[in-house]
Amino acid sequence: MIESTTEPLLVLAMDTSTDMLACAVAHWTPSADDLTVDVEVLASGDHLCRRQTNVELTSTALECLSRAGYSMADVDAVLVGRGPGSFTGVRIGIATAKGVACGLGCPLHGTSTLDATAWNAWLHGVRGLLGVVGDAMRGEVYPGIYVLDDEGPLRTFPTETVIKAQACVEEWAVRPDRDELILTGDGLKKYRNRFEDAGFTRYVDEDFWHPSSEGLLRAAASPDRYDPNDTGDPALVLPIYTRLSDAEENERQRLGLVQPKSARTTGVYEGLSGIHTQLRPMSVNDLEQVAKLEVEAFAGAAHEAWSEKMFYEDLSSPGRTWWVAHDQGKIVGFAGGMLAGDRLEVMDIAVSDDRRHEGIGSRLLARLAYDGQTLGASEITLEVHVGNDAARSLYESAGFERVGQRRDYYGPGKDALIMTAALPLSIDTDKVGDRPEPRASVRPWPIVAEERPAEAANAIAAAGPLLLAIESSCDETALAIITGAGEVISNVVATQIDFHARFGGVVPEIASRKHTEAIVGVFEETLAQAGKHFGVDTLQPSDLAAIGVTAGPGLVGALVVGVAFAKGLCAATGLPLVPVHHLEGHLMANLFETPDLEPPFVASLVSGGNTMLVHVRAWGDYEILGQTIDDAVGEAFDKVAKALGLGYPGGPVISRLAAEGNPRAIAFPRAMMHSHDYRFSLSGLKTAVITYIEGENKAGRPINVPDLAASFQAAVVDVQVAKAATAVDECEVSDFCVGGGVAANPALRAAYQHKFAKMGVRVTVPPMVVCGDNGAMIALVALRNLRAGVVAPLTLDAAPNAKLGEWSSPEAPVVSGPWPKR
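The present account deals with the structure reproduced in this document. What you are looking at is a predicted structure, and each value in this text was computed from that prediction instead of being measured.

**Description of the packing of helix 19 (residues 683-699) against helix 20 (residues 705-731)**
Phase 1 of the analysis: Interhelical geometry of helix 19 versus helix 20 gives an angle of 160 degrees and a closest axis separation of 11 Å. Considering their axes alone, helix 19 and helix 20 lie roughly antiparallel with respect to each other. Note that helix 19 runs across helix 20; the crossing there is right-handed. Of the residues in helix 20, those in contact with L685, V689, Y692 and I693 of helix 19 are L708, F712, A715 and V716.

**A few points about helix 2 (residues 87-104)**
Phase 1 of the analysis: Helix length check: helix 2, at 18 residues, gives a terminal C-alpha distance of 26 Å against a target of 26 Å (1.5 Å per residue), a fit within 8%.
Phase 2 of the analysis: Burial runs high along helix 2: 16 of the 18 residues are buried.
Phase 3 of the analysis: In the segment just after helix 2, G105 is the residue with positive phi, at about 70 degrees.

**Description of the pairing of strand 21 (residues 476-482)**
Phase 1 of the analysis: Among the seven residues in strand 21, seven count as buried, and that is most of the element.
Phase 2 of the analysis: Judged by which residues are buried, strand 21 turns out to be covered on both faces: E476, A478, A480 and I482 on one side and T477, L479 and I481 on the other are all buried.
Phase 3 of the analysis: In terms of strand pairing, strand 21 meets strand 22 (residues 488-495) through seven bridges, oriented antiparallel. The partner of I481 across the bridge, within strand 22, is S490.
Phase 4 of the analysis: Hairpin connection from strand 21 to strand 22: five residues lie between these consecutive antiparallel strands, with G486 at a positive phi of about 85 degrees.

**Focus on the sheet that holds strand 29 (residues 735-739)**
Phase 1 of the analysis: Strand order in the open sheet made by the five strands is 27-26-25-29-30, with mixed pairing throughout. Sheet topology places strand 27 (621-627) and strand 30 (762-764) at the edges, where each strand pairs with a single neighbour. Going across the sheet, the axis of each strand differs from the next one's by a mean of 20 degrees, ignoring polarity.
Phase 2 of the analysis: Two elements, strand 29 and strand 30, share three bridges in a ladder whose sense is parallel. Paired with F736 across the strands is V763, a residue of strand 30.

**Side note on the pattern of salt bridges**
Phase 1 of the analysis: Tallied over the full model, the rule gives 31 salt bridges.
Phase 2 of the analysis: Between E140 and K164 there is a salt bridge, with the nearest N and O atoms lying 3.9 Å from each other. Residue E140 is found in strand 8 (residues 140-149), and its partner K164 is found in strand 10 (residues 163-164); the two are separated by 24 residues along the sequence.
Phase 3 of the analysis: On the basis of relative accessible area, E140 is assigned to the buried category, the value being 13%.
Phase 4 of the analysis: A relative accessible area of 47% means that K164 is categorised as partly exposed.
Phase 5 of the analysis: Its salt-bridge partner being R356, residue D353 comes within 3.2 Å of it at the nearest N-O pair.
Phase 6 of the analysis: Its relative accessible area of 53% is what places D353 among the exposed residues.
Phase 7 of the analysis: Each of D631, E635, K639 and K686 takes part in a single network of salt bridges with overlapping partners.

Cut-offs applied
- Residues numbered from 1 in each chain as written.
- Predicted model: local features only at pLDDT ≥ 70, side-chain atom pairs only at ≥ 80, totals over all residues.
- Heavy atoms only, no water.
- Axes fitted to C-alpha atoms, helices over the stretch in contact; angles between N-to-C directions.
- Helix = DSSP H or I, 4+ residues; strand = E, 2+ residues; numbered from the N terminus.
- Parallel < 35°, antiparallel > 145°, perpendicular 65-115°, else oblique.
- Left-handed = near helix turned anticlockwise from the far one by under 90°.
- Contact = heavy atoms within 4.5 Å.
- Expected span 1.5 Å × (residues − 1).
- Buried < 20%, exposed > 50% of the residue type's maximum accessible area, 1.4 Å probe, protein only.
- Pairing = 2+ DSSP bridges.
- Salt bridge = Lys/Arg side-chain N within 4 Å of Asp/Glu carboxyl O.

None of the figures reported here should be taken as evidence of function without further support.
Structure below.
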């Protein structure tokens, strides 16, 4: 589990999976044979903490260390409860623990919250057969039955599951040993009466229904759970999820996406092929294309092609995961696997001949592996023909190893190699953003700092203060490092587009899960990029002067992950925590294009979540002139793209199609163009587009998609430009700026330039790379806030509805260089 030693190791333990905030400092003393661990709790801070976990966790950890006579610098390892429990609660604990472990460069280990609850009962004298009933919300529970003897609890089940509370009552009620069951767990707060009605009479004292920090420590150190080979890699410590998100579950029940209403379209040119390849779960609507691709891909090969009926039957079976890669509705690849115990068996994978060597096979394999890991698999296996060199190369690059050979598997003289790999897979890609799945850290843990040449050490010191910034407000996990002179020396973004594409928009629960999985890898890559700038392998947390983080606005579950990780880093290193407003980041991204930009000016903030005009009277002094009363611009683009079956995100594909269409072909409304204020409305326009699609279909006329896209885009742009021009005129400013993801839209950028050139107004739009959510813009704001003394205590929580100007100071100077030309 950690480096072999018989000396006591100082362990910081925390669990936030339930209403009990469990936190303690303890000594772990491994035995001489490294097979068991003795636990001695030095200080504990367990207390009930409903909905305040992110506020209280880091301060509780520091208090426990202080009462034990230690500091963060003394910690040898961190332990965290992985759930199951409240999704947000589990992620707060894990993100905080990851931040602490990354800040200290020490191992992070995870263990089951159910096990910790059973151990808490054992610590209070319970012996015999124990039933743990964890609250899973929505009328469900996490059940687990243990045998408690004098040595501790022993599981009678392999993995955590979730079932309806009533189903748990009924299953346990028919057990032959039901009268021996002693019940515990926070699920009893809601469902004890049901168990009592079923005749259960034995219960642990209610004071001990939750997990405890000592229970957590003993659970991780127990002989049946202790793993001396656990490396303590924080990137691989993930929450225990026992069910899909609501969006995924609903999709599984639907068995896939229905065909868009715009059944017949024209004008989708071959030149657009490949611009929007996405992945999503296979549905029954895909089977005809999938079966055809199967025959084409394996024509003349040893592999016997599956029929459409075979695909249907397997897709309908439990324990299966099937994914397709599609490009604007055309299936260009697919893959499927079957869960068998703790192993995921890959059954089939194919990519269209004309789309090979694009990484599609690797992406599909990664999705199967991720599903398997989420469902509890620890390894992945497959068979491949001995002569299929391309497939073998793909699998070997992902970490598969040959473990056997099956003679005549594909027919006489056609042998199959059996290959297997541990999960998670290590699939190489060029960009972190292409691989948001959890993967092992690039460096071994615990971290040992490298010796540096004096020249590099001096250069790092001279560039200070170096500030690390974290952005996680929506569906990008982004980190960046900025120097004291305002130079961005690393900027890394991990995107989640593939995971949200099949839903036509961002699913908050999925976004939160992916942030938790990606953040350590992005942190490491960000430090490594900055290290290369100075000619060293990587920067260390000790090289940093402060941690900036987006505290709001945004999706609360997504924000929480970034804030918790940042606070963990600050608690570990003693660095100041600098809060940043997400929209102020988008405003200041314009400084990367125009470093001498100075207020006053008018800015348009246009993205998937915001559409507003802002009078920037001074940096930190903002007047919102008006904003959308319904949909944001980016949201409208996504919804129209979804209606046309073009996938998500809608902005880029609509923009590309519009470039080939006639913007005057269809007269869509310009909502609120003449409202004599600065409010916007996009909902009516979106409805008009959908109504047009339905009308054309009823009339039997094919839809010219480029013309529709161009007409829709023109309706959006006309209103945005007209209101912006009025605002610039009334505010009497000579500068206009744009911020947000939609600022990347070429037509919008060109329209602003054309309009304001006639008015003699300078237009600034950020470099394309910082239009979307990114860490660089957050770093720029954080550097300014740091100089103004705008720092936050470790009780900072996510503020999803933060007002523009919060955490800002009009007094601080702004320092930024132009975006580096690469």
